Amino acid sequence: MNEMYEKAGNIVANVRKLATDMVEEDLKVLDLVEFTEQEIKKLGGEIAFPCNVSINEITAHYTSPSGDKTVLKNGDLVKIDLGAHVDGYIADSAISVIVGENLDLSSRDTGLTEDEIQLQFKMIDTVGQALENAISTVKDGVTVGKIGEVVEKTITDQGLTPVSNLTGHTMERYILHSGLSIPNIKEENKHKIVEGDVLAIEPFVTNGVGRVTDMNDAYIFRFLRDRPLRMAPARKMLHEIAKNYRNLPFAGRWIEESIKTRQFNLILRNLISSRALYPYHVLKEKSNARVAQAEHTVIVEPGGCQVITK
Ligand code: MN
Ligand code: MN
């Protein structure tokens, strides 16, 4: 089982690097997510969830719909969040990069002041440090509240703010969020993690109010349950989804190609209102401030943890 996690973790680490290296001005987000997903398969993994590319104040759950024309711009703060699984054992990791970070951004048209650009670099450094400090805290018997406390302190010591209503999570075979949340702020949660637990730790840092809110759009969905449905195409689509993705998140883009667009959206709405599918709404920072994220998956050990996505 640990070998499966290690394999999934290696795939994610390799693809994360390749995806990061691709980031440049005018890159289509659609090309970035498709590349990332294809590369996971090429390296022998399965896709655990659609590649998320969330830009600036968009914090999580954005993946391209089919035909997405969104392109990256110099100065954008881009969060790439990807997941692979091997036989259901999932590795989940994320990184933040600034588009054009190797260029002299002050001489480019980014719409940002030099101070604003430097702040973004600081947010990325800080979120990476918060993740490292959290990882150093993880071992058998530590409370989840303690992990949150370490994350929060690392971030507030830099004069920045953690996103308080987003958390890390435990994972189990074919289950991305298996019940226990790993907070990014101090909480009176005495629940202890134990040896063998698999945790995705994912702090988010902002200079805004530190809360995310749902947008109307959703491009990622998850099968919830079978439902009696009147529309035959809806029944067929639900059956295909359950068969192909089980309870793991999938992209609307993945199934849209095989179905006519207008009908696809109609069926999708039907499946969501029937509570057969769960929609992951795009999340944005409430005060429209930019957000940086870092994430690794770890396996808890008696005296520490093994980071599988390094
Ligand atoms: Mn993730
Ligand atoms: Mn995660």
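Everything numeric in this text was worked out from a predicted model, so none of it was measured.

Caption draft 1: Looking closely at the pattern of salt bridges. Using the criterion set out here, one finds eight salt bridges in the structure. In this structure, Lys-17 engages Asp-21 in a salt bridge whose closest nitrogen and oxygen atoms are separated by 2.8 Å. Taken as a pair, Lys-17 and Asp-21 lie in helix α1 (residues 2-22) at a separation of four residues, close to a single helical turn. The exposure class assigned to Asp-21 is exposed, which follows from its relative accessible area of 52%. Across the pair Glu-39 and Lys-42 runs a salt bridge whose closest N-O atoms are separated by 3.6 Å. Of the two residues, Glu-39 and Lys-42 are both situated in helix α2 (residues 29-42); the distance of three residues between them amounts to about one turn of the helix. You can call Glu-39 buried: its relative accessible area is 11%. The exposure class of Lys-42 is exposed, given its relative accessible area of 65%.

Caption draft 2: Here's a closer look at the domain arrangement of the protein. We note that the domain assignment places domain 1 (2-215 + 282-307) and domain 2 (219-281) within the protein. Centre-to-centre, using C-alpha coordinates, domain 1 lies 26 Å away from domain 2. The interface of domain 1 with domain 2 comprises 23 residues on the first partner and 13 residues on the second. When domain 1 packs against domain 2, close to 1600 Å² is buried across both sides, 64% of that on carbon and sulfur atoms. Looking only at domain 1, the three residues that lose the most surface to domain 2 are Pro-50, Ser-66 and Tyr-174, adding up to 33% of its buried area. Arg-253 serves as the salt-bridge partner of Glu-37, at 2.8 Å between the closest nitrogen and oxygen. At the junction of domain 1 and domain 2, the tally comes to eight residue pairs in polar contact (both at pLDDT 80 or more). Going through the elements one at a time, α2, β1 (46-55), β10 (212-223) and β12 (277-285) are the ones with two or more residues in the side of domain 1 that touches domain 2.

Caption draft 3: Just the coordination of the manganese ion (ligand 1), in detail. Within the first shell, the manganese ion (ligand 1) binds the protein through Asp-81 (OD), Asp-81 (OD), Asp-92 (OD) and Glu-295 (OE), at distances of 2.1 to 2.4 Å. Between consecutive donors of the manganese ion (ligand 1), the numbers of intervening residues give the motif D-x10-D-x202-E. The distance between the manganese ion (ligand 1) and the manganese ion (ligand 2) comes to 3.1 Å, with Asp-92 serving as a donor to both metals. Here the residue Asp-81 occupies a position in strand β3 (residues 77-86), and Glu-295 occupies one in the loop between β13 (291-293) and β14 (296-300), the gap between them amounting to 214 residues. Since its relative accessible area comes to 10%, Asp-81 is described here as buried.

Caption draft 4: Inspection of the coordination of the manganese ion (ligand 2) at higher detail. Summarising the metal site, the manganese ion (ligand 2) is bound by the protein donors Asp-92 (OD), His-169 (NE2), Glu-202 (OE) and Glu-295 (OE), whose distances to it range over 2.1 to 2.2 Å. For the manganese ion (ligand 2), the single-chain donor residues occur in sequence as D-x76-H-x32-E-x92-E. Here Asp-92 falls in the buried class, since its relative accessible area comes to 3%. With relative accessibility at 7%, the residue Glu-202 sits in the buried group.

Caption draft 5: The arrangement of the sheet that holds β1 in detail. One open sheet holds the three strands; their spatial order is β1-β3-β4, and the pairing between them is antiparallel. Looking along the sheet, the strands with just one partner apiece sit at the ends: β1 and β4 (89-98). Direction aside, neighbouring strands of the sheet carry axes that sit 10 degrees apart on average. Summarising the sheet, β3 and β4 pair through ten bridges and their orientation is antiparallel. Considered in β4, the bridge of Asp-81 is made with Ala-94. The strands touched by α1 within the sheet are β3 and β4, with β3 carrying the most contacts at an inclination of about 150 degrees.

Analysis parameters
Residues numbered from 1 in each chain as written. Chains lettered and ligands numbered in written order. Predicted model: local features only at pLDDT ≥ 70, side-chain atom pairs only at ≥ 80, totals over all residues. Heavy atoms only, no water. Salt bridge = Lys/Arg side-chain N within 4 Å of Asp/Glu carboxyl O. Helix = DSSP H or I, 4+ residues; strand = E, 2+ residues; numbered from the N terminus. Buried < 20%, exposed > 50% of the residue type's maximum accessible area, 1.4 Å probe, protein only. Domains from an automatic or database assignment. Contact = heavy atoms within 4.5 Å. Buried area = accessible area lost by both parts, 1.4 Å probe. Polar contact = N/O pair within 3.5 Å; in protein donor to acceptor, adjacent residues only side chain to side chain. Donors = N, O, S within 2.8 Å, 3.2 Å for Na, K, Ca; no water. Pairing = 2+ DSSP bridges. Axes fitted to C-alpha atoms, helices over the stretch in contact; angles between N-to-C directions.

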